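Residue-level listing of the chains:
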There are 2 protein chains.
Amino acid sequence: MSKDASLRDALRVPHGPISVSGFDSGAKPLEPKSKRLEHDLDQMADLQERLWAESTGGGERRVLLVLQGMDTAGKGGVVKHAVGVFGPIGVEYSAFKKPTEEERAHDFLWRIRKRLPGPGMIGVFDRSHYEDVLVVRVHDLVPKAEWETRYDAINAFEQELVDGGTTVVKVFLHVSYDVQRERLLRRLARPDKHWKFNPSDIDERAHWDEYRAAYDAVLERTNTDAAPWYVVPADHKTYRNWAVAELLRETLVELDPRYPQPDLDVATLRERLAPPH
Amino acid sequence: MSKDASLRDALRVPHGPISVSGFDSGAKPLEPKSKRLEHDLDQMADLQERLWAESTGGGERRVLLVLQGMDTAGKGGVVKHAVGVFGPIGVEYSAFKKPTEEERAHDFLWRIRKRLPGPGMIGVFDRSHYEDVLVVRVHDLVPKAEWETRYDAINAFEQELVDGGTTVVKVFLHVSYDVQRERLLRRLARPDKHWKFNPSDIDERAHWDEYRAAYDAVLERTNTDAAPWYVVPADHKTYRNWAVAELLRETLVELDPRYPQPDLDVATLRERLAPPH
């Protein structure tokens, strides 16, 4: 990989009308030559620690990784293998499932706001506010007049996050219809994976084309410069995990967080530590 | 290490009056022969995943790791290296710092209850409700008549957690006065560690004996069969990290969580997946 090649540039969704089907879910852009596709764990830990340390000195910067994708696209795998390179202290993981009654009684961003990362943190959303223009749209869970307003609401919300110091990294894990089928069949073949299998996944699969259309709209209407979308080819698991980790690495390298330099009177402090017990 | 040797047995605090000073902070009980002191990451990930999976089938079991210790004892290092062996999905980390005004307006367990792990989760408390009988006692932050009642309140609280399916693993990271001094000096010598250095750490160090007495009381009065204390020698970082990971491993092995076995009609589901797009 050339030193200047950026995976963010390679996977960034272009502006304008989008058809997800036009992206190759089996591609491996900028794949490094090393077979294991592993990141330098020390570098990753250092970057994350610096982001956290910066916040203890008053820094406001933080990162929000938004993961979206169809069932079996690998959101869980990405969290385990790509987000897992960071220690537990600086990462906050949130899974957004079917909203509770209380959540439905509020604006769709209410439950999202409660889980936003604080300064210095890397927040990870496993599904997100985008479900409110995906499953909600596909199944007519609210009137069209309502979900139609949400694209603009999302853009305004994300602009607000960016203005407050959040770098938003939105990832669509792009898996093909056939690979989803293979993965669901594999789960069925392994009794220890049955707990992950929800027969309703097959019902959702029947709405594949409607989900594609809903994702096309998301990728066209919420792909702002403030909070752009990346399409990560997800048919190959190892590449997928590497790619998301790499998007985070590039993001942190660009942020270049610094350790605070408090004004310590080192000589006096050393002296105070001198006397033995 | 013999197959039957248990680190939990070796580090378990005995009942009765305790003097922390009687424990060797440089000891390495049951240290394995392998030099790197690394756990089998696949085994650890599998145990954690099974605990989480069990909860999706209605299981209520969960684990709460409570970490206490003086400054530089290594709470952060343990979280990074021992808790870090698990993926981000099943772990909830909470640091309890100086309480906010809102928190002080409530019972001391109020903020703790808000961070208890849900079913299937491993909760990690970096400091905890024990601060309310440690720093609070050493600095007379509330009247003695008040903190004196808290030992019983803590025992009742933890019994309630255990009754609800939580395995509580309470760890005192035991570091010596001299090793603390070395570690503070090392932080002073490294500008990139200055952000971790709080001059008030030295003030706290001046209260070393009072903290020892407060820990003695904790280890005597809250060392219940329901929620026992373990003293982990913490002068050696690698041993310390290995030991806490091992306490968690033994705990999970004993829990022996199982994947739920939902009653799937595999043949029909396979058939429904058959038709290509």
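Residues numbered from 1 in each chain as written. Chains lettered and ligands numbered in written order. Predicted model: local features only at pLDDT ≥ 70, side-chain atom pairs only at ≥ 80, totals over all residues. Heavy atoms only, no water.

An unreviewed UniProt entry annotates chain A as PPK2 family polyphosphate:nucleotide phosphotransferase of Amnibacterium kyonggiense.

### Considering the overall build of chain A
Keep this limit in mind: A run of H or I in DSSP becomes a helix once it reaches four residues, and a run of E becomes a strand once it reaches two; helices and strands are each numbered from the N terminus. It is over C-alpha atoms that the radius of gyration is taken, and the globule rule equals 2.2 Å times the number of residues to the power 0.38. For every residue, the accessible area obtained with a 1.4 Å probe (protein chains only) is divided by the maximum for its type, and the residue is called buried under 20%, exposed over 50%, and partly exposed between those limits.
A count of helices and strands for chain A gives 13 helices and five strands. Taken against the 2.2 N^0.38 rule, which gives 19 Å for 277 residues, the C-alpha radius of gyration of chain A at 21 Å falls within 12% of a compact globule. Overall size of chain A, expressed as C-alpha extent along the three principal axes, is 75 × 45 × 40 Å. In chain A, which comprises 277 residues, the proportion classed as buried is 53%.

### Comments concerning the relation of the copies chain A and chain B
Each of the two chain copies can be generated from the other by rotation about an axis followed by a shift along it. Operational definition: Alignment of the copies relies on least squares applied to C-alpha atoms, considering only residues that score at least 70 for pLDDT in both. In this description, contact between two residues means that some pair of their heavy atoms is separated by no more than 4.5 Å.
When chain A is fitted onto chain B, the two copies agree to an RMSD of 0.0 Å after a turn of 180° and an axial shift of 0.0 Å. As the rotation angle and translation indicate, the two copies are arranged about a two-fold axis. Judged by C-alpha distance, Pro88 of chain A is the residue of chain A that lies nearest the rotation axis, at 3.3 Å. A share of 100% of the interface residues of chain A reappears at the interface of chain B, consistent with the copies meeting face to face through the same patch.

### Quick look at the sheet that holds strand S1 (residues 62-69) of chain A
Residues and elements named next belong to chain A. Defined as follows: Any two strands between which DSSP finds at least two bridges are classified as paired. Convention adopted: a line fitted to C-alpha atoms gives each axis, helices being fitted over their contacting stretch, and angles between N-to-C directions are expressed from 0 to 180 degrees.
If you walk across this open sheet you meet the five strands as S2-S3-S1-S4-S5, and the pairing is parallel. Edge positions in the sheet fall to strand S2 (91-95) and strand S5 (229-233), since each of these pairs with one other strand and no more. Ignoring strand direction, the axes of neighbouring strands in this sheet form an average angle of 20°. As judged from the five bridges shared by S2 and strand S3 (residues 122-126), these two strands associate in the parallel manner. Bridge pairing in S3 links Val91 to Ile122. Contacts from helix H8 (residues 150-163) reach S1 and strand S4 (166-174), with the element oriented near 135° to S4.

### Observations concerning the interface of chain A and chain B
The following threshold applies: By convention, the term buried area covers the 1.4 Å-probe accessible surface removed from two parts as they join, with the contributions of both added. Put simply, a salt bridge is a Lys or Arg side-chain nitrogen that is within 4 Å of an Asp or Glu carboxyl oxygen. Polar contacts here mean pairs of N or O atoms no more than 3.5 Å apart (in protein, one a potential hydrogen donor and the other a potential acceptor; neighbouring residues in sequence count only if both atoms are side-chain atoms). When residues are sorted by character, Ala, Val, Leu, Ile, Met, Phe, Trp, Tyr, Cys and Pro go into the nonpolar class, Asp, Glu, Lys and Arg into the charged class, and all the rest, Gly among them, into the polar class.
On the side of chain B, 44 residues touch chain A, which itself brings 44 residues to the contact. With both chains or domains summed, chain A and chain B bury close to 4300 Å², and 69% of this area falls on carbon and sulfur atoms. Counting across the chain A and chain B interface gives four salt bridges. Two residues, Lys80 of chain B and Glu49 of chain A, come together in a salt bridge whose shortest N-O distance is 4.0 Å. Run the count over chain A and chain B and you get four residue pairs in polar contact (both at pLDDT 80 or more). At the level of elements, helix H2 (41-56), helix H3 (75-81), helix H9 (177-189), helix H10 (199-205), helix H11 (208-221) and helix H13 (266-273) of chain A are the ones that each hand at least two residues to the side of chain A that touches chain B. Of the residues contributing to the side of chain A that touches chain B, the split by class is 27 nonpolar, six polar and 11 charged.

### Concerning unusual backbone geometry
Most peptide bonds take the trans configuration, and most residues that are not glycine carry a negative phi. Residues and elements named next belong to chain B. In this model, Leu30 sits at a positive phi of 60°, which is unusual for a non-glycine residue. Note on placement: Leu30 falls in the loop between helix H1 (7-11) and helix H2 (41-56). Look at Leu30 and you get partly exposed, because its relative accessible area is 28%. Its identity is not glycine, yet Asp140 carries a phi of approximately 50°, on the positive side. Residue position: Asp140 is located in the loop between helix H6 (135-138) and helix H7 (144-148). The class for Asp140 is exposed, based on a relative accessible area of 60%.

### So, the sheet that holds strand S1 (residues 62-69) of chain B
Residue and element names in this part refer to chain B. Across the sheet, which stays open at both edges, the five strands sit in the order S2-S3-S1-S4-S5 with parallel pairing between neighbours. Only two strands of the sheet have a single partner each, and these edge strands are strand S2 (91-95) and strand S5 (229-233). Neighbour-to-neighbour, the strand axes of the sheet open up by a mean angle of 20°, direction not taken into account. In this sheet, S5 lies alongside strand S4 (residues 166-174) in parallel orientation, the contact comprising five bridges. Its bridge partner lying in S5, Val171 is registered against Tyr230. Where helix H8 (residues 150-163) meets the sheet, it contacts S1 and S4, and its direction lies at approximately 135° from that of S4.

### Re the side chain of Arg187 of chain A
The line we're drawing: Residues counted as positive are Lys and Arg, residues counted as negative are Asp and Glu, and His and the chain ends are not counted.
Along the chain, the position of Arg187 of chain A falls in helix H9. Buried Arg187 of chain A, no salt bridge; nearest opposite-charge side chain is Asp201 of chain A, N-O distance 4.2 Å.

### Comments concerning the pattern of salt bridges
For the coordinates displayed, the defined rule picks out 42 salt bridges over all chains. Linked through salt bridges whose partners overlap, the residues forming this network are Asp46, Arg50, Asp256 and Arg258 of chain A.

### Some words on the pairing of strand S3 (residues 122-126) of chain B
S3 of chain B sits mainly inside the fold: five of its five residues count as buried. The two faces of S3 of chain B match: Ile122, Val124 and Asp126 of chain B on one face and Gly123 and Phe125 of chain B on the other face are all buried.

### Things to note about H9 of chain A
Which entries qualify depends on this criterion: Here the expected length of a helix is defined as 1.5 Å per residue gap, with one fewer gap than residues.
Helix length check: H9 of chain A (13 residues) gives 19 Å between terminal C-alpha atoms against 18 Å at 1.5 Å per residue, within 8%. Of the residues making up H9 of chain A, those classed as buried are Tyr177, Val179, Gln180, Arg183, Leu184, Leu185, Arg187 and Leu188 of chain A. Elements that come into contact with the buried residues of H9 of chain A comprise H10, H11 and helix H12 (237-255) of chain A together with helix H13 (266-273) of chain B.

### Some remarks on the side chain of Glu54 of chain B
Residues and elements named next belong to chain B. Position of Glu54 relative to the elements: it lies in helix H2. By relative accessible area, Glu54 is classed as buried at 14%. Here Glu54 is in contact with Gly59, Arg61, Pro257, Arg258 and Pro260, once residues within four sequence places are set aside.

### Some remarks on the packing of H2 of chain B against helix H12 (residues 237-255) of chain B
Residues and elements named next belong to chain B. Using the following cut-off: Roughly parallel means an angle under 35 degrees; roughly antiparallel means over 145; roughly perpendicular covers 65 to 115; every other angle is labelled oblique. Crossing chirality is assigned from the near helix's rotation relative to the far helix, an anticlockwise turn below a right angle marking it left-handed and a clockwise turn marking it right-handed.
For the pair H2 and H12, the least separation of the axes is 10 Å and the interaxial angle reads 50°. Classified by the interaxial angle, the pair formed by H2 and H12 is oblique. Every pair of crossing elements has a handedness; the one defined by H2 and H12 is left-handed. In contact with Gln43, Met44, Leu47 and Leu51 of H2, H12 contributes Ala245, Arg249, Leu252, Val253 and Leu255. For the contact of H2 with H12, a count of residues per class yields seven nonpolar, one polar and one charged.

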